[in-house]
2 protein chains.
Amino acid sequence: MRIALLGGTGDIGEGLALRWGYDTDHDIVIGSRDPARAREKAGEYETELDSRGLDRKITGFENAMAADRADVVVAAVPAYHLSDTVESVAEKLDEDTILVSPAVGMQRDEDGFHYNPPGAGSVTALAADAAPDDVPVVGAFHNLAADRLANLDVELDLDTLVVGDDDDAKGLVADLGGEIEGLRVLDAGPLGVAAEVESVTPLVINIAMNNKGMHDVGVTFD
Amino acid sequence: MRIALLGGTGDIGEGLALRWGYDTDHDIVIGSRDPARAREKAGEYETELDSRGLDRKITGFENAMAADRADVVVAAVPAYHLSDTVESVAEKLDEDTILVSPAVGMQRDEDGFHYNPPGAGSVTALAADAAPDDVPVVGAFHNLAADRLANLDVELDLDTLVVGDDDDAKGLVADLGGEIEGLRVLDAGPLGVAAEVESVTPLVINIAMNNKGMHDVGVTFD
C-alpha cells in the first residue's frame, strides 16, 4: 500500500513515517509544500531506518505529487493549514483514496491547553468539508505523543482512536495503525463524534504539564 | 474525615461509597433529596460491606443534613440537578468544606454521545458558580465507569483526574481518590481546563459502544 504523509516533515508525520517504515513494507511518501524539504526529511528517515539495519526507500515530493496514486493520504499538517492542504491535493484524491486527518485545534491560555474546534464542529469534519465529496475521510492518530512516536527505541504500548462514516475506510486505517508495533486502534464511532476524540490531545498535554515525571503522555482505554 | 455523597443513591455515589467504605476508615454519609431513600441505600451499602467482613456504619440523610459538618461534599448528582443541589446545601458549606463535582453534561444523537457543557464552560465551573464564594471546588471522579466502581470484585486499575484552583483542596481530594485501591489520581490543571476532563466521559461511552468486548471502559494515562 502507498501511504502519503502530507506535512510529513512535521513531528507527527515523522513519527508515522518512521513507525510504518520500520514495522511494515508499505510504500511511504513524504509530502511538503517545499519539495526540497520533503526530499531532505525523507532522506533523514531513510538514514534513521538504515541505522537500524533496514534498507528502505522513502521518497519526498511536493504535497500534490506525494498524494498522486497514494492509497492513503494522511494530512499531518496543523489544523490551520488543513483546508488549504486538502484543497491543494484535491485533484489527486478520489473514491479510492482514503484521507486521514490527525490534526487537532487547540488554544492555550494561563490555565493550560483547550480544545478549540473549528466551526465545522471538529477538525476531522473540516477535512471532510475540504475534500471532494466522494473521498472517504477518517480521523485517526490524534492523541499520539509525537516525540514518543518518532523514537523507535520507545515501546509505544498505547491506544489510538479512529472515527469516520465509511466503515471500510475506517477499518483499513485501523488495520494500518494496528500494524505499528505497540499501537492498538479502537473505533470511537462515526465522524460526528470526532470532537470527543480530538479533545483528548489538550488533555494529555495538560496532564504532562501538571504531573512530575510525566511527559509525552499517551492514553489507553480498558 | 467525613465525606458526604449528595445523590449518593445514584450509581457514581454508590461506587464511591462502597470503595471508600471498603478501602478507608472515613466516615461516609449518603445524601438524597429523599431522606428515606438515603437511609435505605446506606443500609444496602452496609450490607454489601458486611458481606465482605466489614462492620461499617454508613448513614443516610436529606442532602443538607448529609452535608452538615462534612469535610468533603461530593455532588454526585446529574448535571441538570447540580446547581439546585449545591444551592440547597449552601448554608452547610464554608471555606473548610471542599465541594467535589464529578458530574458531566452529555447529549446523545445518532452518532453517539457528545460532551455538552453548560454556559459556564464546564459542569465543574457550574458547581463553582452555584457554591458560596469561599468554598473550594474540585472537579474529580468524572470518567470512572460506575458499574466497575461499584463492583468490589473488580480491580479498578484506572486513572482519574482532578481539576481545581485551590491546590490544597485539590491535593486533599487527590489523596482521598488515591486511597481507593487501584485508582491513580492525576492533576489535570486548574478549573479552567475542566471541560477537557469532562469530555472524556462521552468518549469512553462511545468506545464501549463501538468495540466488541469493551464495556465499563476506563482510561489510563502514561
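Residues numbered from 1 in each chain as written. Chains lettered and ligands numbered in written order. Predicted model: local features only at pLDDT ≥ 70, side-chain atom pairs only at ≥ 80, totals over all residues. Heavy atoms only, no water.

Within an unreviewed UniProt entry, the label attached to chain A reads NADPH-dependent F420 reductase, and the organism entered is Salarchaeum japonicum.

S.K.: I would appreciate a short explanation of the packing of aromatic side chains in the present structure.
M.R.: Centre-to-centre distance and the angle between the planes together describe a pair of aromatic rings. All names here are of chain B. Scanning the model with the defined rule gives two aromatic pairs over all chains in all. Measuring from ring centre to ring centre gives 5.5 Å for Trp20 and Phe141, while their planes differ by 85°; the resulting arrangement is edge-to-face. Linking Trp20 in helix H1 (residues 11–23) with Phe141 in the loop between strand S8 (137–140) and helix H6 (146–150), this pair joins segments that are 121 residues apart in sequence. An identical accessibility class is assigned to Trp20 and Phe141; each is buried. (Phe/Tyr/Trp six-rings, centres within 6.5 Å; stacked < 30°, edge-to-face > 60°. Helix = DSSP H or I, 4+ residues; strand = E, 2+ residues; numbered from the N terminus. Buried < 20%, exposed > 50% of the residue type's maximum accessible area, 1.4 Å probe, protein only.)

S.K.: How should I be thinking about the UniProt feature "domain: Pyrroline-5-carboxylate reductase catalytic N-terminal" (unreviewed entry) in chain A in this particular structure?
M.R.: On the UniProt side, "domain: Pyrroline-5-carboxylate reductase catalytic N-terminal" (unreviewed entry) is annotated at positions that read residues 2–105 of chain A here. As a span, residues 2–105 of chain A carries 42% helix and 22% strand, and end to end its C-alpha atoms are 27 Å apart. (UniProt positions renumbered as here; feature names shortened; annotations may be inferred.)

S.K.: Help me understand the interface of chain B and chain A in this model?
M.R.: When the parts come together, some accessible area is lost, and that loss is often what is quoted as the size of the interface. Each partner contributes to the interface: chain B provides 35 residues, whereas chain A provides 35 residues. Carbon and sulfur atoms make up 57% of the area that chain B and chain A hide from each other, which totals about 2600 Å². Interface area lost by chain B to chain A is led by Glu196(B), Leu203(B) and Asp222(B), which between them contribute 23%. Our count for the chain B to chain A interface comes out at two salt bridges. In this structure, Arg148(A) and Asp222(B) form a salt bridge, with 3.5 Å as the shortest nitrogen-oxygen distance. In this assembly, chain B and chain A are joined by ten residue pairs in polar contact (both at pLDDT 80 or more). Broken down by secondary-structure element, the contributors of at least two residues to the side of chain B that touches chain A are strand S7 (112–115), strand S9 (158–164), strand S10 (183–189), helix H8 (194–198), helix H9 (200–210) and strand S11 (219–221) of chain B. Looking at the side of chain B that touches chain A, the element that brings in the most residues is H9(B), giving seven residues. Considering only residue class, the side of chain B that touches chain A consists of 18 nonpolar, ten polar and seven charged. (Contact = heavy atoms within 4.5 Å. Buried area = accessible area lost by both parts, 1.4 Å probe. Salt bridge = Lys/Arg side-chain N within 4 Å of Asp/Glu carboxyl O. Polar contact = N/O pair within 3.5 Å; in protein donor to acceptor, adjacent residues only side chain to side chain. Nonpolar A, V, L, I, M, F, W, Y, C, P; charged D, E, K, R; others polar.)

S.K.: Help me out: how do you make sense of the relation of the copies chain B and chain A in this one?
M.R.: In this structure, two copies of a chain are linked by a rotation about an axis accompanied by a shift along it. When chain B is fitted to chain A, the best match, at an RMSD of 0.0 Å, comes from turning it 180° and sliding it 0.0 Å along the axis. One copy is carried onto the other by what is essentially a two-fold rotation axis. Residue Thr220(B), judged by its C-alpha, is the member of chain B lying nearest the rotation axis, at 2.6 Å. By residue overlap, the copies meet face to face through one surface: 100% of the interface positions of chain B are interface positions in chain A. (Least-squares fit on C-alpha atoms with pLDDT ≥ 70 in both.)

S.K.: Help me out: how do you make sense of the pairing of strand S2 (residues 27–32) of chain B in this one?
M.R.: It is a general feature of regular strands that their side chains alternate between the two faces of the sheet. Residues and elements named next belong to chain B. Within S2, five of the six residues are buried, which leaves it mostly tucked inside the rest of the structure. When strand S1 (residues 2–6) meets S2, the two strands line up parallel, connected through five bridges. The residue bridging Leu5 from the neighbouring strand is Ile30, located in S2. Taking the sense of rotation as the criterion, the β-α-β connection linking S1, H1 and S2 turns out right-handed. By the bridge criterion, four bridges tie S2 to strand S3 (residues 59–62) in an arrangement that is parallel. In the sheet register, Val29 faces S3, and the bridge partner there is Thr59. Crossover S2 to S3 through helix H2 (residues 35–50) is right-handed. (Pairing = 2+ DSSP bridges. Right-handed = clockwise from strand over helix to strand, strands pointing away.)

S.K.: I'm lost on helix H4 (residues 79–88) of chain A in this one. Help?
M.R.: An α-helix turns once every 3.6 residues. As a result, residues three or four positions apart point the same way. Residue and element names in this part refer to chain A. Buried within H4 we find Ala79, Leu82, Thr85 and Val86. Each buried residue of H4 sits inside an arc of 95° when the element is viewed along its axis, so together they form one side. With respect to the buried face of H4, the exposed residues turned more than 90 degrees away are Tyr80 and Asp84. Check the buried side of H4 and you find it contacts strand S1 (2–6), helix H3 (63–67), strand S4 (72–75), strand S5 (98–101) and helix H5 (123–130). (Arc of directions from axis to C-beta.)

S.K.: What should I look at first to understand a negative patch on the surface in this one?
M.R.: On the surface, a cluster of negative charge is made up of Asp71(A), Asp94(A), Glu95(A), Asp96(A), Asp133(A) and Asp134(A). Judged by relative accessible area, Asp94(A) falls into the partly exposed class, the value being 35%. (Patch = residues over 30% accessible without salt bridge, like charges linked within 9 Å, V, L, I, M, F, W, Y side chains within 5 Å. Areas by Shrake-Rupley, 256 points an atom, 1.4 Å probe, with all protein chains shown as cover. Lys, Arg positive; Asp, Glu negative; His and termini not counted. Charge placed at Lys NZ, Arg CZ, Asp CG, Glu CD.)

S.K.: Which parts of the structure should I look at to understand the sheet that holds S2(B)?
M.R.: Strand pairing in a sheet takes place through backbone hydrogen bonds and is either antiparallel or parallel in direction. Residues and elements named next belong to chain B. Taken together, eight strands build an open sheet; the order of strands is S3-S2-S1-S4-S5-S8-S9-S10 and the sheet is mixed. In this open sheet, the two edge strands, each paired with only one partner strand, are S3 and S10. Between one strand axis and the next, the sheet turns by 25° as a mean value, whatever way the strands run. Where S1 and strand S4 (residues 72–75) come together, four bridges link them in parallel fashion. Note on S4: the bridge partner recorded for Ile3 is Val72. (Axes fitted to C-alpha atoms, helices over the stretch in contact; angles between N-to-C directions.)

S.K.: What should I look at first to understand the side chain of Ser122(A) in this one?
M.R.: All names here are of chain A. Within the element layout of this structure, Ser122 appears in the loop between strand S7 (112–115) and H5. On the accessibility criterion, Ser122 (2% relative accessible area) is buried. Those residues in contact with Ser122 that sit more than four places away from it in its chain are Tyr115, Pro117, Ala194, Ala195 and Glu198.

S.K.: Got a minute to help me understand the sheet that holds strand S8 (residues 137–140) of chain A in this structure?
M.R.: All names here are of chain A. Taken in spatial order, the eight strands of this open sheet run S3-S2-S1-S4-S5-S8-S9-S10, and their pairing is mixed. Strands with a single pairing partner mark the edges of an open sheet, and in this sheet they are strand S3 (59–62) and strand S10 (183–189). Sheet twist, expressed as the average angle between the axes of neighbouring strands with direction ignored, equals 25°. Helix H1 (residues 11–23) contacts S1, strand S2 (27–32) and S4 of the sheet and is inclined by roughly 160° relative to S1.

S.K.: How should I be thinking about the nonpolar core in this particular structure?
M.R.: Soluble globular proteins tend to bury their nonpolar side chains together. One finds Leu16(A), Trp20(A), Ile30(A), Val74(A) and Phe141(A) to be the most contacted residues of the largest nonpolar core, which totals 36 residues. When neighbours within four sequence positions are excluded, Ile30(A) is seen to be in contact with Leu5(A), Gly8(A), Thr9(A), Ala17(A), Ala38(A), Ala42(A), Tyr45(A), Ile58(A), Thr59(A), Gly60(A), Phe61(A) and Ala66(A). Counting 35 residues, the second largest nonpolar core, distinct from the first, contains Val72(B), Ile98(B), Val100(B) and Leu176(B). (Core = buried A, V, L, I, M, F, W, Y, C linked by side-chain atoms within 4.5 Å.)

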